[in-house]
Amino acid sequence: MRFNLKADFPLSGSAVSIRQDIDKFVSDFAKKVLNENEKISWNLKGEKVGELDIDTGGTNRAHNLLPRFKKAWSLEISKKHHIAGGRGIKIREYKIEFELEKEPLKDISIPFADVIIQGKNAKIILKDVSEEFLRKNYIDRMIALVKEKVKNQYYEGKGEFWKLIWESDEKKPVWTKDPTEEMSKLGWLKQGPTKGKWFYQPQATAILKAMEEIAIKEVLEPLGFQEIIESHIVPFDIWLKTGHLEGMPAEFYYVAEPKTRDVGQWERFIDLTKITKEVDFDELQKNVNIPNAGICYAQCPVIYWSFKGKTIAEKSLPVLVYDRTAISGRYESGGRHGIERVDEFHRIEPVYIGTREQLLEVRDKLLERYKHVFNNIFDLEWRMAWVTPWYMQQAGKIGDAITQDTGTIDFEAYMPYRGDRKKSEWLEFQNLSILGDKYVKAFNVKAQKSTLWSGCSGIGLERWTTTFLAQKGLDPTKWPEGFKNYLKELPKGIEFL
Ligand code: ATP
Ligand code: ZN
Ligand code: MG
């Protein structure tokens, strides 16, 4: 790596008469801090501005030397000659050169800098940046971003890693229809009022609620999970910590607060509404802030936030909690389908925090309870696969699946309405992850003695429902006995003329 920084170094007085002292100061400083092949040069430009040029390799990053140079200046030159240096310093150009693992497949750009790549040699060039900018660790992140973008080019279009862990026997489906369509025809469900949202009439509600009860009674309570209730409006600082804000900003539903609750300020909006009976969006915009939060995407970030900075007592480990009240919002756009890919869904999310050994045991126990539900209560045709985002595999965090401790297991079910079981896409109806120390670190969660890991599992009630109905149909008399113990007949519902 090569770092070349060119700056104008302002002085509080004329340095013409002390040039020799400065030259000596610079060469002493250089001797003290520089490695071979590195150099610092200094020139007086006019009377009161020094031209500074720092050229270093990878360990002595030029931007890290700058504050040291300023400090040394104040101890030597300022003290002796009463000429302060470096206040309002202007970095005219900062050029960083580094090697890439692979040649990029196409051009790359990042904010704040020009990126020039020739073969595996990358250069990022910043112009006119402030000292504060250099102090903020942006440079390291910009280098990392260029490397990440090149790497990503090689993964585009490559599918997810997928490795079968377990599969059930084939089961003969009761029918081959799409449950959402059929339920809509029967009036159990109603689409809307906006994209990807549903209104569940009493019949569909009873099924979703049965799913919820089964998850709690058959999985979570037997394992000792305790229920918590969280907020489902998530401020950006939480998503900054979990990485969601950079991960999925195009999937959030954003939340904005009113600028004021003083109705006086809202008078024009109210009047316009009264007269036009329409929403005047321009007027509305004057009265609401830019979003500073979003609707829950997954429940775990706010659960981790609740542990932020805490030390958990050993006797409370492993922490086993779940939320079932926060509703998840995701802008699914083109992928929407029926109640299985919606913009608003009901999910139970258990979160577990404990030692590595405790979490591996929690995973085993959860898998056992889940298997019990899907085999004995739903009688499903389903499978489990090890799936892990490629970037985690790439980072060397996840290697050969099943022997690994961290990663994600997807639960997938055959959807008979989609066609042949071998050729059609199966539906992911839930997942289970162990995520190592990623989140406990992000929120600084500690234990008295133990090193902590965490994980979570997403139980999508719409997905459980659609999976079950796609295989078992809508006629309760044909449902498996295990399920009938929870729901044997449906509410009458409401008839419309
Ligand atoms: P997919 O690949 O299907 O988009 P995902 O990887 O985004 O799923 P996760 O973020 O892992 O899903 O969420 C875990 C669980 O939440 C899923 O297994 C599913 O049960 C549920 N879920 C996620 N997105 C939706 C959705 N749009 N509609 C209904 N349920 C969903
Ligand atoms: Zn989660
Ligand atoms: Mg998704």
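It should be noted that the structure appears before, not after, this text.
For the structure given in this document, a descriptive report is provided here. (Residues numbered from 1 in each chain as written. Chains lettered and ligands numbered in written order. Predicted model: local features only at pLDDT ≥ 70, side-chain atom pairs only at ≥ 80, totals over all residues. Heavy atoms only, no water.)

## Things to note about the site of ligand 1
Reasoning step 1: Around ligand 1, the surrounding shell holds 14 residues, and the nearest of these are E332, R341, V342, E428 and N431.
Reasoning step 2: Contact between ligand 1 and R330: an oxygen atom at 2.9 Å from a side-chain N or O atom of the residue.
Reasoning step 3: When ligand 1 sits alone it has 600 Å² of accessible area, and the protein chains cover 80% of it.
Reasoning step 4: Looking at the shell around ligand 1, the elements that each hand over two or more residues are strand 17 (344–354), strand 20 (427–434) and strand 22 (453–460).
Reasoning step 5: Of the residues forming the shell around ligand 1, the biggest block, four residues, is contributed by strand 20.
Reasoning step 6: Considering only residue class, the shell around ligand 1 consists of three nonpolar, four polar and seven charged. (Near = heavy atom within 4 Å. Polar contact = N/O pair within 3.5 Å; in protein donor to acceptor, adjacent residues only side chain to side chain. Areas by Shrake-Rupley, 256 points an atom, 1.4 Å probe, with all protein chains shown as cover. Helix = DSSP H or I, 4+ residues; strand = E, 2+ residues; numbered from the N terminus. Nonpolar A, V, L, I, M, F, W, Y, C, P; charged D, E, K, R; others polar.)

## Quick word on the pairing of strand 3 (residues 49–56)
Reasoning step 1: Of all eight residues in strand 3, six are buried; the element is thus mostly enclosed.
Reasoning step 2: Pairing between strand 1 (residues 2–10) and strand 3: eight bridges, direction antiparallel. If you follow D8 over to strand 3, its bridge partner there is E51.
Reasoning step 3: Pairing analysis gives seven bridges linking strand 2 (residues 39–45) to strand 3, with the strands arranged antiparallel. Within strand 3, the residue paired with K39 across the bridge is D55.
Reasoning step 4: The antiparallel pairing of strand 2 with strand 3 creates a hairpin that spans three residues between the two strands, and G46 there sits at a positive phi of about 70°. (Buried < 20%, exposed > 50% of the residue type's maximum accessible area, 1.4 Å probe, protein only. Pairing = 2+ DSSP bridges.)

## Here's the deal with the packing of helix 6 (residues 202–220) against helix 15 (residues 461–472)
Reasoning step 1: Interhelical geometry of helix 6 versus helix 15 gives an angle of 110° and a closest axis separation of 9 Å. Overall, the two elements helix 6 and helix 15 adopt an arrangement that is roughly perpendicular. Contacts between helix 6 and helix 15 involve I207, L208, M211, E212, I214 and A215 on the former and, on the latter, L461, E462, W464, T465, F468 and L469.
Reasoning step 2: Taken together, the residues of the contact of helix 6 with helix 15 sort by class into nine nonpolar, one polar and two charged. (Axes fitted to C-alpha atoms, helices over the stretch in contact; angles between N-to-C directions. Parallel < 35°, antiparallel > 145°, perpendicular 65-115°, else oblique. Contact = heavy atoms within 4.5 Å.)

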